[in-house]
Amino acid sequence: MSTKLDFDATKLFEALKYQIHVAIDYCHTLEKNDVLWIEVCGDVTIEERDQIEVKNYSDELTDGHENFWNTLNNWLKPDFHHQQYANLILLTTQAYGERASLKNWEEMGVNQRLSTLEAIHKSAEARFEKANQLNDESKNEQGGEKTEGNTVKRKNIKPSKSLQLQRKVLAKDIRDSLLEALPKIKIITKQPDLLELLDRYKRRYLKGVMPHRMDSFLDDLFGFMTSALKITGYWKFTVDEFDKKFAELTARY
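For every chain, the first residue of the written sequence is number 1, and numbering continues from 1 along that sequence. Under the rules for a predicted model, residues below a pLDDT of 70 receive no local features and side-chain atom pairs below 80 are neither given nor counted, while totals for whole chains, interfaces and linings still include all residues. By convention in this description, side-chain values take in all heavy atoms of the structure and omit both hydrogens and water.

**Description of the sheet that holds strand S3 (residues 50-55)**
Then, in step 1: DSSP-based pairing: two strands are paired if at least 2 bridges between them are found. In this text, helices come from DSSP runs of H or I with a minimum length of four residues, and strands from runs of E with a minimum of two, each type numbered from the N-terminal end. The mixed open sheet is built from six strands, whose spatial order is S5-S4-S3-S2-S1-S6. The two strands at the open ends of the sheet, each matched to only one other strand, are strand S5 (185-188) and strand S6 (236-238). Averaged over all neighbouring strand pairs, the angle between strand axes comes to 20°, with direction disregarded.
Then, in step 2: When strand S1 (residues 35-38) meets S6, the two strands line up antiparallel, connected through three bridges. Among the inter-strand pairings, Leu36 is bridged to a residue of S6, identified as Phe237. The angle between two axes is taken between their N-to-C directions and runs from 0 to 180 degrees, where each axis is a line fitted to C-alpha atoms and a helix contributes only its stretch in contact.

Right, here's the structure in full:
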């Protein structure tokens, strides 16, 4: 069987596996009393420290990419209290697009970041307005759809999802929240794909494991992270329970 069905969920599961292995990486950074959560306050969360959104994309991270703006929008929703985190991290396999003004994000101050977002939004609004004008001109030239007054009935082009998100993120009524969030936002790009992520993990943390048993180690560790009791209960991990499991698997393999 070589033909995939149109409802094949392989990519969805790959994205979930990628997220879990990112969580495993972050478990190694936990300190005493730290707790890591999965899918409770976002993709991966460390209480009072980091909220990490994990994106496994193959295309480039451009200024208007929905991935970026949707992440900002989620962080600024009223029911998400970003004030409790020191870092808001977008971790993505994407590389910046060649012309992306976001590529200098880490070197920007708060005002520069805000100005960059506003410039991206302004350009998007201008393109949207121009597209609507061209659409109207085209309808007029072709006769258009007539109303009773023999005028052309205008049918506007709908704003893209990205533009809708930009409008939400830069709305005046949440400006204070945005200004609070901007200094904490980190964009980590060009992360390895799933197979490279696993290879990197083996090199970093499994030096004491026999090479031919590393995959079995990772399978067992993944099973620990995705156990039914964890998923259906509180999907969280303390540093003590993670370290205990890691030591147990190291001894086994």
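Additional details are given in the paragraphs that follow.
**Notes on the pairing of S3**
Then, in step 1: Throughout this description, buried means an accessible area under 20% of the type-specific maximum (1.4 Å probe, protein chains only), exposed means over 50%, and partly exposed covers the range between. For S3, a buried count of six out of six residues is recorded, marking the element as mostly surrounded by other parts of the structure.
Then, in step 2: A two-sided burial pattern is seen for S3, the buried positions comprising Asp50, Ile52 and Val54 on one face and Gln51, Glu53 and Lys55 on the other.
Then, in step 3: Remark: three residues form the turn of the hairpin made by strand S2 (residues 44-46) and S3, two consecutive strands paired antiparallel; Glu48 in that turn has positive phi of roughly 60°.
Then, in step 4: As paired elements, S3 and strand S4 (residues 87-92) share six bridges and run parallel to each other. Counterpart to Val54 in the pairing with S4 is Leu91.
Then, in step 5: The handedness rule is simple: strands pointing away from the viewer, and a clockwise path from the first strand over the helix to the second, make the crossover right-handed. Crossover handedness for the path S3 to helix H2 (residues 66-75) to S4: right-handed.

**Topic: the packing of helix H7 (residues 214-225) against helix H9 (residues 239-252)**
Then, in step 1: H9 packs onto H7 with a crossing angle of 155° between their chain directions and a minimal axis gap of 10 Å. By the angle class used here, H7 and H9 are roughly antiparallel. Relative to H9, H7 is oriented so that their crossing is right-handed. Contacts between H7 and H9 pair Phe217, Asp220, Leu221, Phe224 and Met225 from the former with Glu241, Phe242, Lys245, Phe246, Leu249, Thr250 and Arg252 from the latter.
Then, in step 2: For this classification, Asp, Glu, Lys and Arg are treated as charged, while Ala, Val, Leu, Ile, Met, Phe, Trp, Tyr, Cys and Pro are nonpolar and the rest, including Gly, are polar. A breakdown of the residues in the contact of H7 with H9 according to their chemical character gives seven nonpolar, one polar and four charged. Any angle that is under 35 degrees is reported as roughly parallel, and any over 145 degrees as roughly antiparallel; angles of 65 to 115 degrees are reported as roughly perpendicular and all others as oblique. By definition, turning the near helix anticlockwise from the far helix through less than a right angle yields a left-handed crossing, and turning it clockwise yields a right-handed one. Should any heavy atoms of two residues lie within 4.5 Å, those residues are considered in contact.

**Comments concerning the pattern of salt bridges**
Then, in step 1: A pair is scored as a salt bridge if a Lys or Arg side-chain nitrogen falls within 4 Å of a carboxyl oxygen belonging to Asp or Glu. Within the structure shown, the criterion is met by 13 salt bridges.
Then, in step 2: Among the salt bridges present, the one from Arg200 reaches Asp25, with a minimum N-O distance of 3.2 Å. You can see Arg200 sitting in helix H6 (residues 194-205) and its partner Asp25 sitting in helix H1 (residues 10-27), a full 175 residues away along the chain.
Then, in step 3: Residues Arg167 and Glu125 are paired through a salt bridge, measuring 2.8 Å at the closest nitrogen-oxygen approach. Of this pair, Arg167 sits in helix H4 (residues 161-169) while Glu125 sits in helix H3 (residues 110-141), and the two are 42 residues apart along the sequence.
Then, in step 4: On the basis of relative accessible area, Arg167 is assigned to the partly exposed category, the value being 33%.
Then, in step 5: Relative accessible area serves as the criterion here: at 23%, Glu125 is assigned to the partly exposed category.
Then, in step 6: Counted as one network, the salt bridges with shared partners bring together Asp220, Lys245, Glu248 and Arg252.

**A closer look at the pairing of S4**
Strand residues, when the strand is regular, have side chains that alternate between the two faces of the sheet.
Then, in step 1: Counting buried positions along S4 yields six of six residues, so the element is predominantly enclosed.
Then, in step 2: In this structure, S4 lies alongside S5, joined through four bridges in parallel fashion. What sits directly across from Leu90, in S5, is Ile187.

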